[in-house]
Amino acid sequence: MPIVNNGMYIETEDKPYEAESAYYIDFQITSALYSLDKMYSNSQINYSLFKNKYQYYHYYCDHLIFSLGQISARFYVTDKEKKNDYIRKRKEANIRNFSFSEDKYPMLSKRIVRNTIEHIDEHNQKVITKYCGVGGFNVIDNEIDEEVRQALINNRHLHPYTLNFITNELWIMRNEIEYELNLIALKNELLMLQNDARNLLSLATDMFKGE
C-alpha cells in the first residue's frame, strides 16, 4: 500500500501526519459493520428502546447509510472541491493510499445512497404526490405476509427505502431509478478497506513511537 511522503492533513515542522484519515475511515467502517451485525443478529431485539423490530431495522439502516456517506466523503472529490487544492490533494492521497476505485469497491462507491436519510422527506413527498403512496421505510423478510411481500417487490417505485432480507439488499428509489446495495458484498468491501486502514494507522503510529 503506497504512503504519501509529503503528508495530507497536518504538515508539521517534524513530519507529515498520515493517521487522521486512517483513524476516521476505520471508525466509520467499524460503525457500519456494527450496524450490519445488529441487522442480522439473531438475538432478541430490545423492545424497551424500539416500538417494534421494523423500527429497530430502520435505526440501524440509517446508521449504516450515515457511515457509508462518511466513508465515501473521504474519497470522492466534488466539483467544488476540485478548485480547492488542499482538499483535492487530501482526497487524491486517500485514493492512492487505499487503492480506492469503483472497480475495487463498487458498493462503497454507490454515493447515491448516502443522501437517503437526509432527504427522505423529499423522496417520500414525490411518491405521495405522484402515486398517492405512503413511501418511507419497509422490511421484506420470511415473516412478512406473502401478499404484502409481493406488493413491496412488485411496486418498488412506491417505496423509496426498503431492507430486503430475502435478497440481502437495501433498495433505494431515487428520482424513479432503482438502486440496490448488496449487503453481503458491502460487508466484504468494508472488511477489505478496514484491513488497509488499520495497516496504515499502525504504520503511521509506529513512525511516531520511534522518535
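Cut-offs used in this document
Per chain, the residues get numbers from 1 upward, laid out in the order the sequence is written. Local features in a predicted model are, by the rule used here, given only for residues with pLDDT of at least 70; side-chain atom pairs are given and counted only at 80 or more, and totals for whole chains, interfaces and linings are based on all residues. Hydrogens and water molecules were not included; the side-chain quantities draw on all heavy atoms of the structure. Axis definition: a line fitted to C-alpha atoms, limited for helices to the stretch in contact. Angles are taken between N-to-C directions and run from 0 to 180 degrees. Runs of E in the DSSP output that reach at least two residues are strands. Runs of H or I that reach at least four are helices, and both are numbered from the N terminus. Here the angle decides the label: under 35 degrees means roughly parallel, over 145 means roughly antiparallel, 65 to 115 means roughly perpendicular, and every other value means oblique. The hand of a helix crossing depends on one turn: near helix anticlockwise from the far one by less than a right angle means left-handed, and clockwise means right-handed. The contact criterion used is simple: two residues touch if any of their non-hydrogen atoms lie within 4.5 Å. Under the scheme applied, nonpolar residues are Ala, Val, Leu, Ile, Met, Phe, Trp, Tyr, Cys and Pro; charged residues are Asp, Glu, Lys and Arg; polar residues are all the others, including Gly. Per-residue accessibility, obtained with a 1.4 Å probe over protein chains only, is compared with the maximum for each type, and a residue is labelled buried under 20%, exposed over 50%, and partly exposed between these values. Note on pairing: two strands pair once DSSP finds at least 2 bridges between them. When the strands point away from the viewer, a crossover counts as right-handed if the route from the first strand across the helix to the second turns clockwise. The set of buried Ala, Val, Leu, Ile, Met, Phe, Trp, Tyr and Cys residues whose side-chain atoms join them within 4.5 Å is what this entry labels a nonpolar core. Confidence per residue, as judged by the predictor, is encoded in pLDDT with a range of 0 to 100.

Caption draft 1: Quick look at the packing of helix α1 (residues 19-40) against helix α2 (residues 53-73). Interhelical geometry of α1 versus α2 gives an angle of 155° and a closest axis separation of 8 Å. The pairing of α1 with α2 is recorded here as roughly antiparallel in orientation. Here the hand of the crossing between α1 and α2 comes out left-handed. Within the contact between the two elements, α1 uses Gln28, Ile29, Ser31, Ala32, Tyr34, Ser35, Leu36, Lys38 and Met39 and α2 uses Tyr56, Tyr57, Tyr60, Cys61, His63, Leu64, Phe66, Ser67, Gln70 and Ile71. In the contact of α1 with α2, the residues fall into 12 nonpolar, 6 polar and 1 charged.

Caption draft 2: Region of interest: the pairing of strand β4 (residues 161-164). Of the two faces of β4, the one carrying Tyr161 and Leu163 and the one carrying Thr162 and Asn164 are both buried. One ladder, built from 4 bridges, connects strand β3 (residues 137-140) with β4; its direction is parallel. Within β4, the position partnered with isoleucine 140 by the bridge is asparagine 164. Read as a crossover between parallel neighbours, the route from β3 over helix α5 (residues 146-154) to β4 is right-handed. Looking at chain direction, β4 and strand β5 (residues 169-174) are connected through 4 bridges and run antiparallel. Within the sheet, the bridge partner assigned to leucine 163 lies in β5 and is leucine 170.

Caption draft 3: How the structure looks around the nonpolar core. Leu163, Leu170, Leu183, Leu186, Leu190 and Leu193 are the most contacted members of the largest nonpolar core, which has 40 residues in total. Those elements that provide at least two residues to this core are α1, α2, β3, β4, β5 and α6 (183-209).

Caption draft 4: Spatial organisation of the sheet that holds β4. Pairing is mixed in the open sheet, where 4 strands are placed in the order β3-β4-β5-β6. Only two strands of the sheet have a single neighbouring strand rather than two, namely β3 and β6 (177-182). On average, each strand axis in the sheet is inclined to that of its neighbour by 20°, with strand direction left out of account. Contacts between α5 and the sheet are confined to β3 and β5, with β3 contributing the most and set at about 120° to the helix.

Caption draft 5: Geometry of the environment of glutamate 189. Tracing the backbone through its elements, the reader meets glutamate 189 in helix α6. The class for glutamate 189 is buried, based on a relative accessible area of 6%. In this structure, the C-alpha to C-alpha distance between glutamate 189 and isoleucine 29, residues 160 residues apart in sequence, is 9.8 Å. Those residues within four positions of glutamate 189 in sequence are excluded, and the remaining contacts are Lys104, Tyr105, Pro106, Met107 and Leu108.

Caption draft 6: Representation of the confidence of the model for the protein chain in the model. The share of residues in the protein chain with pLDDT of 70 or more is 84%, and the mean pLDDT across the chain is 81. Note on residues 1-16: pLDDT under 50 across the span, and 41 contacts to partners over four residues away in sequence or across chains.

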